[in-house]
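Read off the chains here:
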Amino acid sequence: MKLHIQNPPHIRSRESNQTMMVDVIIATLPLYAMGVYYYGGRVLLLGLTGALASCFADILCQLAGGKIPNIRDLSAVITGLLIPLLLPASAHFSMILVAAVFAILVAKQPFGGVGQNVFNPAAAGVAFVIICWPQSAFSYPIPFERLPLAVDETVRLVNSPAYSLSLGGTPNIDLLDMLLGNVPGPMGASNILVLLTCLLFLVGRRTVNLWMSAAMFGGAAFVALLMPRLELPLLTGVAYELMSGLLVIGAVFLINDPVTSPKRKIPKLLYGFCTGALSMLFRHIGRYEESLLFALLVMNAAVWMIDLWGEHLAHTMRRKHLELAINPPVSKPAEQDVGAAQE
């Protein structure tokens, strides 16, 4: 027998980190196309600004750490593309720049770079600018009103359905309009049908975990049923809660980050459920109308505990299976009928 020595990895697959990142980038393109349709070409400049700022900050950090930048690493591009989608189309370019730089310099590179960050960089960057500029972060342009390159006081900005829900009022918007994106809101989060299509694409490509997204929806719906904020039929109120804010885009792009989520199946389900439930709880008690990003960052910090519990659970289950294999249960012989024995 002749052995051939080869370098690892020895188990090969068509899937890789790069193909997964390309899939996510492709999934963001329909959201940018809809953004251009609703608000004009300014949307593309926001995405380009976020991507370039993230890549530039990422390269600077790698050079400062004595590393050679990896041009095939597209993680910074994804971070930069997601940031504008989580903010209004009227967001100032300075907000995008600050969010992108914060995402890379604070939430990613200090932990070791790609594959080692504890917090989702895009969520951390947008959460930071929400704290710094809450008025601008929660004021939205009206769909089909073209935005100028420089947004000033002449641009009409309104509140989103999430704001009405935070006040305990029913949004003056039909659920069908929310499905189609004809509502003011975050640039990439308002068109629910397009987001669900992106989710199906990523699931078909095996880039995201459908069950983790479903668990997140389940956790949010569970709290919405227990703590309704609207005087409407329960299911109608739940539908408004699930389709408002960043919940859907978070279930598609943020919750499925393979670096900041648990590794095993049952912990993934727990992580998704708790993120959705915590997001709804924060909507009740939090300061801001939209709280998914803060709930996600809290759960990111708890992933190590969920992983430890998952490993303990997996070890316990393996041990029980091994014990059953070594000592299979002995079935007791059927007791003979006394009457038949006497006969």
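**Student:** Would you mind going over helix H11 (residues 234–243) with me for this structure?
**Tutor:** Because the α-helix completes a turn every 3.6 residues, residues three or four places apart line up on one side. Among the residues making up H11, those that are buried are Gly237, Val238, Tyr240, Glu241, Leu242 and Met243. For H11, the elements touching its buried residues are helix H7 (161–166), helix H8 (175–180), helix H9 (192–204), helix H10 (210–226), helix H12 (247–254) and helix H13 (265–285). The first or second residue beyond H11 is Gly245, which carries a positive phi of 70°.

**Student:** Would you take a moment to explain unusual backbone geometry for this structure?
**Tutor:** Excluding glycine, a negative phi dihedral is what most residues carry, and trans is how most peptide bonds are arranged. Notably, Phe144 is not glycine yet its phi reads approximately 75°, a positive angle. Note that Phe144 resides in the loop between strand S1 (140–141) and strand S2 (157–158). You will see that Arg206, though not glycine, has its phi angle at about 60°, which is positive. In this structure, Arg206 sits in the loop between H9 and H10.

**Student:** For this particular structure, what's the right way to read a nonpolar patch on the surface?
**Tutor:** On the surface, Phe222, Leu226, Met227, Phe273 and Leu281 cluster together to form a nonpolar patch covering roughly 440 Å² of accessible area. At the level of secondary structure, the elements contributing two or more residues to the nonpolar patch comprise H10 and H13. For Phe222, the position within the fold is in helix H10. You can call Phe222 partly exposed: its relative accessible area is 42%.

**Student:** Can you walk me through the packing of H10 against H13 in this structure?
**Tutor:** To characterise two packed helices, one gives the angle between the axes of the helices and the distance between these axes. Axis separation between H10 and H13 bottoms out at 7 Å; the angle between their running directions is 35°. As H10 runs across H13, the sense of the crossing is right-handed. In this structure, H10 uses Trp211, Met212, Ala215, Met216, Gly218, Gly219, Ala220, Phe222, Val223 and Ala224 to contact H13, whose residues at the interface are Lys268, Leu269, Tyr271, Gly272, Phe273, Gly276, Ala277, Met280 and Leu281. Of the residues belonging to the contact of H10 with H13, the class tally is 14 nonpolar, four polar and one charged.

**Student:** Is there a simple way to explain the side chain of Asn120 in this structure?
**Tutor:** Relative to the elements of secondary structure, Asn120 occurs in the loop between helix H4 (93–105) and helix H5 (121–132). Those residues in contact with Asn120, other than ones at most four positions away along the chain, are Leu254, Asp257, Thr260, Leu296, Leu297 and Asn300.

**Student:** Mind showing me how you'd approach the packing of H13 against helix H14 (residues 292–301) here?
**Tutor:** For the pair H13 and H14, interaxial distance at closest approach is 8 Å and the crossing angle is 135°. The pairing of H13 with H14 is recorded here as oblique in orientation. Every pair of crossing elements has a handedness; the one defined by H13 and H14 is right-handed. Only Leu292, Phe294, Ala295, Leu296, Val298, Met299 and Asn300 of H14 make contact with H13, whose side of the interface consists of Tyr271, Cys274, Thr275, Leu278, Ser279 and Phe282.

**Student:** Even after reading the chapter, I still don't get the pattern of salt bridges, so can you show me in this structure?
**Tutor:** Oppositely charged side chains can pair when the atoms bearing their charge come close. The tally for this structure, following the rule as stated, stands at seven salt bridges. Where Asp58 meets Lys108, a salt bridge forms, and the shortest distance between an N and an O atom there is 3.4 Å. Separated by 50 residues along the polypeptide, Asp58 in helix H2 (residues 42–64) and Lys108 in the loop between H4 and H5 bring together distant segments of the chain. The residues Asp58 and Lys108 share a single accessibility class, namely buried. Measuring nitrogen to oxygen at the nearest pair gives 3.2 Å for the salt bridge that ties Arg283 to Glu290. Each of the two residues, Arg283 as well as Glu290, counts as buried. It is possible to trace a salt-bridge network through shared partners that takes in Arg229, Glu241, Arg283 and Glu290.

Thresholds, definitions, all that
- Every residue gets a number counted from 1 within its own chain, in the order that chain's sequence is written.
- For this predicted model, a pLDDT threshold of at least 70 governs which residues receive local features, and a threshold of 80 or more governs which side-chain atom pairs are given and counted, while totals over whole chains, interfaces and linings are taken from all residues.
- Note that water and hydrogens are dropped before the side-chain values are worked out from all heavy atoms of the structure.
- The buried label applies to any residue whose accessible area, calculated with a 1.4 Å probe on protein chains only, is under 20% of its type's maximum; exposed applies above 50%, and partly exposed to all values in between.
- Helix and strand assignments come from DSSP, with helices taken as H or I runs of at least 4 residues and strands as E runs of at least 2, each series counted from the N terminus.
- Whether two residues are in contact is decided by their heavy atoms, any of which lying within 4.5 Å being enough.
- Like-charged residues within 9 Å of one another, or nonpolar side chains (Val, Leu, Ile, Met, Phe, Trp, Tyr) within 5 Å, are grouped into patches, provided each residue has over 30% relative accessible area and no salt bridge.
- For every accessible area listed, the method is Shrake-Rupley and the probe measures 1.4 Å; residues are considered covered only by the protein chains on display.
- The rule for a salt bridge is simple: a side-chain nitrogen of Lys or Arg has to be within 4 Å of a carboxyl oxygen of Asp or Glu.
- Axis geometry follows a simple rule: fit a line to the C-alpha atoms, using only the stretch in contact for helices, then measure angles between N-to-C directions, giving values from 0 to 180 degrees.
- Each crossing gets its hand from how the near helix is turned against the far one by less than a right angle, where anticlockwise is left-handed and clockwise is right-handed.
- Each residue is assigned to one of three groups, with Ala, Val, Leu, Ile, Met, Phe, Trp, Tyr, Cys and Pro labelled nonpolar, Asp, Glu, Lys and Arg labelled charged, and all others, Gly among them, labelled polar.
- Every angle not falling under 35 degrees, over 145, or within 65 to 115 is termed oblique; those three ranges are roughly parallel, roughly antiparallel and roughly perpendicular.

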